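Observations on chain architecture
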Amino acid sequence: MFAALGSLSSIVATPASVATTATVVTACEHIRDLLGAAEAYVIRAGDPYFVRLGSDEDPTSYEIKQRGYWNAWRDLAGDATTAVRLLRVNERLVEEMLVIEAGVPATHVATILPGDESNSELLIVRGPWPSGFSRDQMDIIHTIRPLMAYLVANVLDGARQERLRSQMKVLAEVAEAFTQTYQSESVLPALATALARASGFAWVAILLFDPNIERVIERAVNVGRHSNTDAAARGRQGRESENSGQRDILVARRVAWTREPYLVPDVSDPNEQLLVNDELRPFYERAHIISMASFPVLAGDQMLGTITYCGSEKHNFRQEELDFLSALVAQAAPTIKAFELNRELRQTEHRLRAIFANAPVFITVFDPDGTILLFEGARLDSIGQVPGSLVGKSVFDVMPGHLGADMRLNLDRGLRGETFDNVIRMRASDFQTQYAPLKDDAGDATGVIAVTVDVSEQLQAQRVMSKLNEDLRAEKEKAEELARQAEESRSRAEYLASHDALTGVLSRRAWFDATQATRPSAIAILDIDLFKTINDRFGHPAGDVVLREVAGRIAQAVEGTAILGRLGGEEFGLMFTGPLAEGERVCRESVERVASSPYVLPGGESITVTVSAGIAPCRRGSDDARDAVSCAYDLADRALYEAKESGRHRLVVSAEAA
């Protein structure tokens, strides 16, 4: 497993300049093998589909339906406390999403891959795992998640940077004057000014929107001779009226949908209620605006914003004028796109600096000779340093003695292309450092990066957790043993409540309950002959032996054809559900088996024991089972009495049987 993780780490360490979608696919193949899965892949949120990296398949034919990917992404992105979910997929539908735990059956596992720009990528691994994940597999998932997040971010950021370079080239070609003359913050006002001069319109407003056209993210108006007026200031700030921001959104959505300009030849026209409405007309009167035209700014299929021309004279917007204004918008679009990309780049750089400044680690980059090139991180104070304090110094001067020798070995390993962890102890704290090579475009290591984390609390927490787990296991075993004993006691109590303690057959009450709950065909009563004499002559222990043996011989004789119970003293009852003739035969067999061989008593004496029996049919004259059983019992008892009176050791069938 460690070798496989090492191979995966080497793939993940591929520089952003070299990493491609194929690199991600190769990493997924390693993950598949690590988890014993059928496949692993990265899915990326797109428009309108989630798209599998490295696949040319139709997204609607993926092994999970698009709604399933959406639900998994939404569940993970919306819950910062849980980064991994188990999925149960049936016929391409996600039927259930579960928090990952060992032993929980699942068909898939999904984890979000957090990037610098977004959390739009998911790692999906398809099992299935009918017996659930092992703890080792859970550890693997949590280990590979940050690795894959790093790799995917490198691949996607590389594509983004390539797009940025391309757009910046277009910017240089189409709007060289703006990129050379103005700072980035003034590009949009400068562009609006150039458009106003080229078009002859008094005012040109540029509005940029978020991708969903739900808010204005940038707003610029040209610099004109009336730029110091209140109307101009309100226009720059989007305060033309109380609800002008909503108007901007509606207009942008309209032109985004139609891909055509929205024209207002006369702002005073009362029928116009979109670009200009009754609330806005007083503002345009003060601004001396008579006609307006709002154009969509497009970059391919992407709607960037709107450019609105505002004239101080009436325009009928003939086709040749519209063609001219559209050409100006088309020329401005690359500049606007480049502006957005430049701003995005600055934001990314700002976030990167913030990450370095606030990351709960410290990051060091070394030249092959050990010179420190980068030294950043929020936890540098734990070793008595501040960001950048060691840049330009040799690590062997900073860490002399055996620490320097160990660092030389670590750098050599990193320069050989290895990625590995190392733990050292400094200032009474434990630090874990992950080393990885920094490679050039040719794949040669040109340095080593080290990410160090203070793991003192983690290691202490692991020790405490291990002790708690041991205590928990002990308490669990104790509770399970108590539960087992309680169950045994309950089962024993239930048995004793329904069985005779001496003979083990049903008690009187249980036997009568059974007969009344059944439809018996016949009831027989058996009584040990001269049992009092046995007790008087040999003692009650001998009588107990006789009772147990008699019960056992009767049970052998009936062999499941009747229900046997001890009715009291030396009296036993049999309840039959089969034909009456079968009951008579079994009763006779019972009488004979009881007397078939002598009984050995505790004192060593051997005696012969016999029983007398009476059997009677149980006829249900009504639906009252109790009355039927009581009647049959009385008849059997009379037959038993007759058997006793006529010499014992015999069966008498009730006359009712005839």
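Nothing here was measured: the structure is a model prediction, and the numbers come from that model.

Scanning the protein chain from terminus to terminus reveals 18 helices and 23 strands. By element, 51% of the accessible surface of the protein chain is carried by carbon and sulfur atoms, the whole surface being about 34200 Å².

On to the confidence of the model for the protein chain, then. Model confidence for the protein chain is summarised by a mean pLDDT of 84, while 88% of its residues fall at 70 or above. When the criterion is pLDDT under 50, residues 163–175 qualifies, and its contacts beyond four places in sequence or with other chains add up to 18 contacts.

This part takes up unusual backbone geometry. The omega torsion of the bond from G127 to P128 falls at 5°, within 30 degrees of zero and hence cis. Mapping P128 onto the fold places it in strand β6 (residues 121–129). For I213, which is not a glycine, the phi torsion comes out positive at approximately 50°. Tracing the backbone through its elements, the reader meets I213 in the loop between β7 (203–209) and β8 (216–221).

On to the pairing of strand β22 (residues 611–617), then. Counting buried residues along β22, 7 of its 7 residues qualify, which places the element largely inside the surrounding structure. Where burial is concerned, the two faces of β22 agree: the one with V611, A613, I615 and P617 and the one with S612, G614 and A616 are both buried. Direction of pairing for strand β17 (residues 522–528) relative to β22: antiparallel, over a ladder of 7 bridges. From the neighbouring strand, A524 faces β22, where its bridge partner is I615. When β22 meets strand β23 (residues 651–653), the two strands line up parallel, connected through 3 bridges. Note on β23: the bridge partner recorded for I615 is V653.

Quick look at the sheet that holds strand β10 (residues 291–299) now. Pairing is antiparallel across the open sheet formed by 5 strands, whose spatial order is β8-β7-β11-β10-β9. The open sheet has two edge strands, β8 and β9 (262–264), and neither has a second partner. With strand direction ignored, the average angle separating the axes of adjacent strands in the sheet is 15°. Judged from the 3 bridges that link them, β9 and β10 form a sheet pairing that is antiparallel.

Another point: the side chain of R566. With respect to the helices and strands, the residue R566 is situated in strand β18 (residues 562–568). What R566 contacts, discounting residues up to four positions off in sequence, is D500, L502, T503, V505, L506, S507, R508, L547, E571 and F572.

Positionally, S120 belongs in the loop between β5 (106–113) and β6. Classification of S120 by relative accessible area gives buried; the value is 18%. Along the primary structure S120 and F50 are separated by 70 residues, whereas in three dimensions their C-alpha atoms are 9.3 Å apart. With sequence-adjacent residues up to four places away left out, S120 is seen in contact with I43, R44, A45 and W73.

Position of S199 relative to the elements: it lies in helix α6 (residues 187–199). A distance of 3.4 Å separates a polar atom in the side chain of S199 from the backbone oxygen of A196. Here F201 takes part through its backbone nitrogen, which lies 3.3 Å from a polar atom of the side chain of S199. Setting aside anything within four residues of it in sequence, one finds S199 in contact with V204, Y309, F324, L325 and L328.

All right, on to the packing of helix α14 (residues 508–516) against helix α18 (residues 625–645) then. At a minimum axis distance of 9 Å, the contact between α14 and α18 shows a crossing angle of 120°. Both α14 and α18 take part in a crossing whose hand is right-handed. Taking contact as the criterion, the partners of R508, F512, T515 and Q516 in α14 are, on α18, A625, R626, V629 and Y633. Residue composition of the contact of α14 with α18, by class: 4 nonpolar, 2 polar and 2 charged.

Regarding helix α7 (residues 230–237), the residues found buried are A231, A232, A233, R234 and G235. The secondary structure elements touched by the buried residues of α7 are β7, β8 and α9 (281–286). Remark: G238 follows α7 within two positions and exhibits a positive phi of approximately 70°.

With that settled, consider the packing of aromatic side chains. Counting across every chain of the model gives 10 aromatic pairs. Each ring, one from W129 and one from F133, has its centre 4.6 Å from the other, and the planes form 50°; the classification is tilted. Each member of the pair, W129 together with F133, is buried. Relative to Y435, the ring of F420 has its centre 5.2 Å away and its plane inclined at 20°; by these criteria the two rings are stacked. Note that F420 is positioned in strand β14 (residues 420–426) and Y435 in strand β15 (residues 429–439), a separation of 15 residues in sequence. Judged on exposure class, the residue F420 and its partner Y435 are both buried. Members of the aromatic cluster, joined through ring pairs, are F201, F295, Y309 and F317.

Right, let's talk about the pairing of strand β19 (residues 571–576) for a bit. Burial runs high along β19: 6 of the 6 residues are buried. Because side chains alternate across β19, one face comprises the buried residues E571, G573 and M575, and the other comprises F572, L574 and F576, equally buried. In this structure, β18 lies alongside β19, joined through 6 bridges in antiparallel fashion. By the bridge assignment for β19, A562 is matched with F576.

Parameters and conventions
- Residues numbered from 1 in each chain as written.
- Predicted model: local features only at pLDDT ≥ 70, side-chain atom pairs only at ≥ 80, totals over all residues.
- Heavy atoms only, no water.
- Helix = DSSP H or I, 4+ residues; strand = E, 2+ residues; numbered from the N terminus.
- Areas by Shrake-Rupley, 256 points an atom, 1.4 Å probe, with all protein chains shown as cover.
- pLDDT = per-residue confidence, 0-100.
- Contact = heavy atoms within 4.5 Å.
- Buried < 20%, exposed > 50% of the residue type's maximum accessible area, 1.4 Å probe, protein only.
- Pairing = 2+ DSSP bridges.
- Axes fitted to C-alpha atoms, helices over the stretch in contact; angles between N-to-C directions.
- Polar contact = N/O pair within 3.5 Å; in protein donor to acceptor, adjacent residues only side chain to side chain.
- Left-handed = near helix turned anticlockwise from the far one by under 90°.
- Nonpolar A, V, L, I, M, F, W, Y, C, P; charged D, E, K, R; others polar.
- Phe/Tyr/Trp six-rings, centres within 6.5 Å; stacked < 30°, edge-to-face > 60°.

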